[in-house]
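# Structural description and commentary
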Amino acid sequence: MTVTLEKSVRDFVSAPHQLFIDGDRVDSVLGRTFATPDPATGETLAWVAEAGTEDVDLAVRAARRAFTGPWSRMTPAQRGHVIWRIGDLILEHAERLAQLETLDNGKALAVARAADIPAAAALFHYMAGWATKIEGSTIPLSVPGAGFHAYTLREPVGVVGQIIPWNFPLLMAAWKVAPALATGNVVVLKPAEQTPLSALYLAELIAEAGAPDGVVNVIPGYGEIAGAALAAHEDVDKVAFTGSTEVGKMIVQAAAGNLKKLTLELGGKSPNVVFDDADLTVAIPAAASAIFFNHGQCCSAGSRLYVQESRFDEVVDGVADIARHIRVGPGMEPGTEMGPLISDEQLRRVTGYLESGRAEGAETRAGGRRCGDRGYFLEPTVLTGTRRDMKVVREEIFGPVLVASPFSELDEIAAEANDTPYGLAAGVWTRDLAKAQALAGKIRAGTVWINCYNVFDPALPFGGYKQSGWGREMGHAVLDAYTEVKSVCVQL
Ligand SMILES: NC(=O)C1=CN([C@@H]2O[C@H](COP(=O)(O)OP(=O)(O)OC[C@H]3O[C@@H](n4cnc5c(N)ncnc54)[C@H](O)[C@@H]3O)[C@@H](O)[C@H]2O)C=CC1
Ligand code: BAL
C-alpha cells in the first residue's frame, strides 16, 4: 500500500517542467529535455527542460538586471518580509513538497515531512531576520593630522550561481537561496539533475512571495554542461556549491577565470567516537542513525564508528541489530524507514565499495546486499575488521555503510579520527564532558557533536576543514560569504 498522492502533486509531476528564468517558465533555447527517474522503480518520473550554456547566460543576465533594478531598491525590511513569506509558503505547501521530495529523491515520506520541509522553512524564517541586520562598523583611524570619519559597509556580492546536490534537494536550495537573498544578492540556482522538481516548485513560491522577476532563477540541467557554464561564467560574482570534493576542485578551476568568490560544502568521512563510559542506551541508536539517516547520503554521515575496546562488541552488535531491522522500501509506503539510493549510478558506486571492502578482508556484520532488482535499494550495512588503508575506511561512500573499529585511548583516537583528507563533522560519546571537550579540541572538523549527532539549526554554522570545503553555511557566519566589505573614509 502506498500513500495516495495529492492531486496537485500528480498534476505538477506530470506537467512539462520548464526552466524558471526572469519570473517566467521557459523552454531551453535548444529545446532539450531530460528525464528524472523515480529511484524506487527506476522508471521515468518526469521530463524536465535541460539548461545549456545559452540558458545559463539568459539566467545570469536576468539576475544581473534584477540586481541593479527592483531588488536593489527594496528596503532591507521589504526583503526580509519576502524571505519570511517564502518560509510561510513552504509550510503552507508542506505536504505537497514532502510528497514531491519523496517521489524525486526516494526518501521516506515521514522523513521528508519531519525533517526536510520544516527545516527548509525554518532556514528562510531565520534568514529573514538578518535582512535588517547587515551592518558595517565605524573605525577609529590612527592617521596623524586631519580628522577622519571612517566606516565599513556590507554590500551584496552580486550575481550568485548556486549548484546543489540531490540528497536534500529542497533543504540545500534553502541553505543557498535564503542567505543570498537576506544579504541582497540575486541567484541562478542549478539543482541536481537527479532531483530538479522541488527547486522548480520553490521558484514558484519565491515569485508568489513577492521576489521581483530575475531575483531567483532556477535552471535544471547536467553538472558538466549547465553547472560548468555557471561556474565559469564571467558575469557571475560568486558560486556556492555543495557536492563532491572532486567537482569542488573543478569549480575552483572554473571560477579562476574571473576570480569569482567561492564557498564549497564538500565530502566527509566523519568519525563517531564512543568511549566506554558513554550511555549506550542513547549512543547505540544514535550511532545507527548517524550513518543510516537519509540512507547514508549525508555529507555529515558518521561513517567511521570508533568504540573503546571494552564495549566494542556490545556497540557493534547493537548497531548491527538496528541495521537488520530498518524497514527498507519505497518512500511513499507507510512504515518505510529507508528508501532507495538516489540512482543506479549511486547504487553501483556503493556496492562497488562493498565489494572492495570484502576483497580487502572486511567482515560484514549486517546487510551488504542489494534488496530486490527493481529500484535502487540497499541493505543497511555494518563492516568490521577493517584497516586504516582500506578504501571503505578512507573514501566517502555516501550510502548506508558503516565501518566500525575499536580504539584504546584518547590520543590514539584523536590521531585516527584526523587521519582523513576530510574535516566536516565528528561525534563524541561519553559521560565525561571534560574528556569530550578535550577530544573535540583535537578533532579538525567544522562541527563536533557531543552526546548527539546530526543536530542542525539555522543558527549553527556548518562547513568543513581540509578537503570538506571553504566557508560556512547558516548562522551568522554565512553572511560573510555573501557580502563584500567596503571601507569608506571621509576627511573631515
Ligand atoms: N557534500 C554533499 O552533500 C554531497 C556529496 N556528494 C558526493 O559526491 C559523490 C557523487 O555524487 P554526484 O551527484 O555525482 O556529485 P556531484 O558533485 O557530481 O554533483 C553535485 C552537483 O554538482 C553538479 N556538477 C557535477 N559536475 C559539475 C561540474 N563539472 N561543474 C559544475 N557543477 C557540476 C551536479 O549537477 C550537481 O548539481 C557522492 O557519492 C558523494 O560522495 C554528492 C552529493 C552531495
Ligand atoms: N550537505 C548538507 C547536509 C548533509 O548532507 O549532511
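- Within an unreviewed UniProt entry, the label attached to the protein reads Aldehyde dehydrogenase family protein, and the organism entered is Microbispora oryzae.
- Here the protein is described in UniProt, under the heading Sequence similarities (unreviewed entry), as follows: "Belongs to the aldehyde dehydrogenase family."

### Looking at the nonpolar core
- Grouped together as the largest cluster of nonpolar side chains are 131 residues, with contacts concentrated most on I90 and V319.
- Per-element accounting of this core gives the leading share, eleven residues, to helix α7 (residues 169–182).
- Once residues within four sequence positions are removed from consideration, V319 is found in contact with I284, A287, A288, F292, L305, V382 and L402.
- Counting residues in each nonpolar core, the second largest holds 15 residues, with L354, Y376, V401 and V403 among its members.

### Here's the deal with the site of ligand 2
- Every residue near ligand 2 is listed here: N167, F168, M172, W175, T242, E265, C298, C299 and S300.
- One nitrogen or oxygen atom from the side chain of E265 is found 2.9 Å from a nitrogen atom belonging to ligand 2.
- Interatomic distance of 2.8 Å between a side-chain N/O atom of S300 and an oxygen atom of ligand 2.
- Relative to its unbound accessible area of 220 Å², ligand 2 is 97% covered by the protein chains.
- Here the residues of the shell around ligand 2 sort into five nonpolar, three polar and one charged.
- Looking at the shell around ligand 2, you find at least three residues from each of domain 1 (7–266 + 469–489) and domain 2 (271–457).

### Comments concerning the UniProt feature "active site" (unreviewed entry) in the protein
- Those residues carrying the UniProt feature "active site" (unreviewed entry) are E265 in this numbering.
- As for its position among the elements, E265 is in strand β11 (residues 261–265).
- The exposure class assigned to E265 is buried, which follows from its relative accessible area of 3%.
- Those residues in contact with E265, other than ones at most four positions away along the chain, are M172, W175, F241, T242, G243, C299, L424, F462, S468 and E473.

### Overview of the sheet that holds strand β6 (residues 148–156)
- Strand order in the open sheet formed by three strands is β5-β6-β22, and the pairing between neighbours is antiparallel. The open sheet has two edge strands with one neighbour each: β5 (138–139) and β22 (483–491).
- Pairing of β6 with β22, which is carried by nine bridges, proceeds in the antiparallel orientation. If you follow E155 over to β22, its bridge partner there is E484.

### Comments concerning the packing of helix α5 (residues 94–105) against α7
- Contact geometry for α5 and α7: axes closest at 9 Å, N-to-C directions at 115 degrees. Of the possible angle classes, the one that applies to α5 and α7 is roughly perpendicular. Contact residues: L97, E101 and N105 in α5; P169, L170 and L171 in α7.
- Per-class residue counts for the contact of α5 with α7 are four nonpolar, one polar and one charged.

### Description of the pattern of salt bridges
- Applying the stated rule across the entire model yields 29 salt bridges.
- With its nearest N and O atoms 2.5 Å apart, the salt bridge here joins K107 to D116. For the pair K107 and D116, a shared accessibility class is recorded, and that class is buried.
- Here D344 and R348 are joined by a salt bridge, their closest N and O atoms 3.2 Å apart.

### Let's talk about the confidence of the model for the protein
- On average, residues of the protein score 97 in pLDDT, and 100% of them are at 70 or above.
- As a predicted assembly, this complex carries a pTM of 0.98 together with an ipTM value of 0.97.

Basis of the calculations
- Per chain, residues are indexed from 1 in the order of the written sequence.
- Following the order in which they are written, the chains are lettered starting with A and the ligands numbered starting with 1.
- Local features in this predicted model are restricted to residues whose pLDDT is 70 or higher, and side-chain atom pairs enter the listing and the counts only when it is 80 or higher, whereas totals over whole chains, interfaces and linings include all residues.
- Computation of side-chain values: all heavy atoms of the structure, hydrogens and water removed.
- UniProt positions are given in the numbering used here, feature names are shortened, and annotations may be inferred rather than shown by experiment.
- What we call a nonpolar core is a set of buried Ala, Val, Leu, Ile, Met, Phe, Trp, Tyr and Cys residues that are connected through their side-chain atoms within 4.5 Å.
- Classification of residues uses two cut-offs on accessible area relative to the type maximum, computed with a 1.4 Å probe and protein chains only: under 20% is buried, over 50% is exposed, and between them is partly exposed.
- Labels follow the DSSP assignment, with helices taken as runs of H or I lasting at least four residues and strands as runs of E lasting at least two, numbered in each case from the N terminus.
- Note on contacts: a residue pair is in contact if any heavy atoms of the two residues lie within 4.5 Å.
- Here a residue is near a molecule or strand as soon as one of its heavy atoms is found within 4 Å of it.
- The definition of a polar contact used here is a pair of N or O atoms within 3.5 Å, where within protein one atom must be able to donate a hydrogen and the other to accept one, and adjacent residues in sequence count solely through side-chain atom pairs.
- Residue burial considers only the protein chains on display, and all accessible areas are found by Shrake-Rupley using a 1.4 Å probe.
- Any residue outside Ala, Val, Leu, Ile, Met, Phe, Trp, Tyr, Cys, Pro, Asp, Glu, Lys and Arg is labelled polar, Gly included; the first ten of those are nonpolar and the last four are charged.
- The split into domains, and so the bounds of each, comes from an automatic or database assignment of domains.
- Think of it this way: DSSP has to see at least two bridges between two strands before they count as a pair.
- Axis lines are fitted through C-alpha atoms, for helices just across the contact stretch, and the angle between N-to-C directions can take any value from 0 to 180 degrees.
- Each angle gets one of four labels, with under 35 degrees taken as roughly parallel, over 145 as roughly antiparallel, 65 to 115 as roughly perpendicular, and the rest as oblique.
- Think of a salt bridge as a Lys or Arg side-chain nitrogen and an Asp or Glu carboxyl oxygen that are within 4 Å of each other.
- The predictor attaches a confidence to each residue, and that confidence, scored 0 to 100, is pLDDT.

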